[in-house]
Amino acid sequence: MNTEIPADSEVILGILNNSESILKKLYLAYFPMILQLIINNNGDEEDAKDIYQEAIIVLYNKVKRGDFELSSKLKTFIYSVCRRLWLKRLAQVNRFGGDIKDFEEFLPVEDDVENHEERDMQLNKMEDALKLLGEPCKTIMEDFYMHNRSMQEICERFGYTNADNAKTQKYKCLQRLKKLFFQQK
Amino acid sequence: MKDDQLTELIERYLDGDMSQQERDQFEQLCKSDASVNHKLKEHRHFTGLLKQYNERLELENRLNAIHQEIDVHTLKEDLMVHPSWVVRLWRNHHSKISVAASIAIFAILTTMYFTGDLSNEDPRFVELKREVGNLKRSTENLNHATSTIIQDIKKDKKLTNPGNYRGSGFALSANGYIVTNFHVVNGADSVYVQNDNGESFHAKVIYTEPQYDVAILQINDPSFKHLDAIPYTFKKSKSDLGEDLYTLGYPGDDIFCGTGALTSASGFRGDTTEYQVSIPVNPGNSGGPLIDGKGNIVGVINGKQTQTSAAAFAVKSNYLLKAIQNIPADSLSKSLNLNTKNSLAGLSRPQQIKKLRNYMFMVKVYNQ
């Protein structure tokens, strides 16, 4: 396992450039720290994986949005986000004894976590809406809006002879998806 | 304009699929029609969410792929803060331990209740009471023993001790003067005399005459009472050969009577201060009187010849008298008057002895 710790600036650039190798380096570098935090605070390795990946996503989005200022070490930021997320998780399942055993110093990252969770909630709603949508609408939506496939490809895939029919079908599907999405609380 | 056509327009606008003319027209429409503008924003947000959702899915997949490469199990073992075995034992078995402890406490309380330990009576009081009782009993025993000893002392019963050396002696006068051999009391630290009744009295050596092997003692014990008048006299003249003689003494614990005859006028190796007599004697006989048939003291037994059987020696009585005369006057706290009236002359030997034994003493010598 490669435990080489990449420089913080290298990681930021890597994320912006969608570098697969940097993402991997980043992931491998700080996972042990978070595993240690979680398993010594009433969690298991699956909890550690969830929390850590969520924190990486928080960092990823923050960098992608361009509002990540390198005012603190990446390590501290990741640790702080994980700590915050884990505290929330413990409180939800009533497993929190009121005291968390810390292994690193940490920052107040409430805003980042709040933003992330709000966004995450929207995306979860979208996920649920897509699940409820049913075929072939789900695939048409995914192909067109998520995978950026052209109408031409979609016509061929679903055997629509008329592009207008396909467009009508797509429109109906989108309307239904919107309806499902906004109906959720 | 129908909704689906509008949506198509919006999509084309967002994708940049319009000519410049169409874009201007559409933007104009948005400005004039608020509902179109609203629709545009809503559509942009919604499709943006779909794209973000897609990004998240992709990122999650990438992260999961990376995660697959980590040996989480080994890592977990390394990072686990291992608590002490007591804590682990408690964490794993706390319910069982709690139940066991409850049962134990209940059992102890029950036992204490039934054995009365829960009552207010402090068991230590009982123990103390018993201890005090023991002390009381031991003190009573001690008191009893002490009072017995005091009573014995008051009754003048002396504790007897056999002494380091023993010899015999006999009374010179009724007021406590006793004669014995010098060799018996030589080197003594303290001397006791014991009468026929077993009563011991402390005595003091007041005079010794080593050349005649004579020692004079005086009983100086407060419990001593005067003897009756001495029945025997001291023969001043020499005795004749073949005369029947006997001696009394304490070779053992009881008084001993040895009989025989005068066999020679001179003693060991021709010592003229001594008689030789054919009386069987033993070491304790030293200092005992040599008595003739009329109850006269003719000598003091002082030894025997080991090679010859039944040959003993006795200091002649006239040398005993000489020694008595030689006693310095200031050594005598009481007068030493020898008896001159013989009251034994007409009596048979057993009757003589019956009277004599009251004047015979065992001389016990103590030294270090």
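Criteria and thresholds
Residues numbered from 1 in each chain as written. Chains lettered and ligands numbered in written order. Predicted model: local features only at pLDDT ≥ 70, side-chain atom pairs only at ≥ 80, totals over all residues. Helix = DSSP H or I, 4+ residues; strand = E, 2+ residues; numbered from the N terminus. Contact = placed C-beta atoms within 7 Å. Expected span 1.5 Å × (residues − 1). Buried ≥ 20, exposed ≤ 12 C-beta atoms within 10 Å, placed from the backbone. Axes fitted to C-alpha atoms, helices over the stretch in contact; angles between N-to-C directions. Parallel < 35°, antiparallel > 145°, perpendicular 65-115°, else oblique. Left-handed = near helix turned anticlockwise from the far one by under 90°. Nonpolar A, V, L, I, M, F, W, Y, C, P; charged D, E, K, R; others polar. Core = buried A, V, L, I, M, F, W, Y, C linked by C-beta atoms within 7 Å. Pairing = 2+ DSSP bridges.

An unreviewed UniProt entry lists chain B under the name Trypsin-like peptidase domain-containing protein, with Mucilaginibacter segetis given as the organism.

(A) Spotlight on the overall build of chain A. Summing up its helical and strand segments, chain A has 8 helices and 0 strands in all. Across chain A, every contact between residues at least 6 apart in sequence was considered, and the portion connecting residues at least 24 apart equals 65%.

(B) Region of interest: helix 5 (residues 110–133) of chain A. In this model helix 5 of chain A runs 34 Å from its N-terminal to its C-terminal C-alpha over 24 residues, within 8% of the 34 Å that 1.5 Å per residue would give. Regarding helix 5 of chain A, the residues found buried are A:Asp112, A:Val113, A:His116, A:Met126, A:Ala129, A:Leu130 and A:Leu133. On the buried face of helix 5 of chain A, the contacting elements are helix 3 (45–65), helix 4 (74–92), helix 6 (137–146) and helix 8 (163–183) of chain A together with helix 3 (34–68) of chain B. Just beyond helix 5 of chain A, the residue with positive phi is A:Gly134, at close to 80 degrees.

(C) A look at the packing of helix 2 (residues 20–39) of chain A against helix 3 of chain A. All names here are of chain A. Two numbers describe how helix 2 lies on helix 3: the axes approach to 9 Å, and their chain directions differ by 130 degrees. As far as their axial angle goes, helix 3 and helix 2 are oblique. For the pair helix 2 and helix 3, the crossing hand works out as right-handed. Every residue of helix 3 that contacts helix 2 at Tyr27, Phe31, Ile34, Leu35, Ile38 and Ile39 is listed here: Glu45, Asp47, Ala48, Ile51, Tyr52 and Ile56. Across the contact of helix 2 with helix 3, the residue classes break down as 10 nonpolar, no polar and 2 charged.

(D) Molecular detail of the interface of chain B and chain A. Residue-level contacts link 27 residues of chain B with 27 residues of chain A. Those elements that provide at least two residues to the side of chain B that touches chain A are helix 1 (3–15), helix 3 and helix 4 (72–79) of chain B. The element contributing the most residues to the side of chain B that touches chain A is helix 3 of chain B, with 15 residues.

(E) Spotlight on the environment of B:Phe268. Residue and element names in this part refer to chain B. Among the structural elements, Phe268 can be located in the loop between strand 8 (256–264) and strand 9 (274–277). According to the C-beta neighbour criterion, Phe268 is partly exposed, with 15 such atoms within 10 Å. Between the alpha carbons of Phe268 and Gly303 there is a distance of 9.1 Å; along the sequence they are 35 residues apart.

(F) The nonpolar core, seen in detail. B:Ile178, B:Val193, B:Val214 and B:Ala314 are the most contacted members of the largest nonpolar core, which totals 57 residues. Setting aside residues no more than four positions away along its own chain, B:Ile178 makes contact with B:Gly169, B:Phe170, B:Ala171, B:Leu172, B:Val193, B:Ala203, B:Leu217, B:Ile219 and B:Phe361. In terms of nonpolar packing, the next biggest core, distinct from the first, is built from 29 residues, A:Leu23, A:Leu35, A:Tyr52 and A:Leu74 among them.

(G) Region of interest: the sheet that holds strand 13 (residues 360–366) of chain B. Residues and elements named next belong to chain B. Spatially, the 6 strands close up into a barrel ordered 1-2-5-4-3-13, and their pairing is antiparallel. Along the sheet, successive strands turn relative to each other by an average axial angle of 40 degrees, direction set aside. With 4 bridges connecting them, strand 2 (residues 177–180) and strand 5 (residues 214–219) associate as antiparallel partners. Within the sheet, the bridge partner assigned to Thr180 lies in strand 5 and is Ala215. Across the sheet, helix 8 (residues 317–326) is in contact with strand 2, strand 4 (200–209) and strand 5; its angle to strand 5 comes to roughly 55 degrees.

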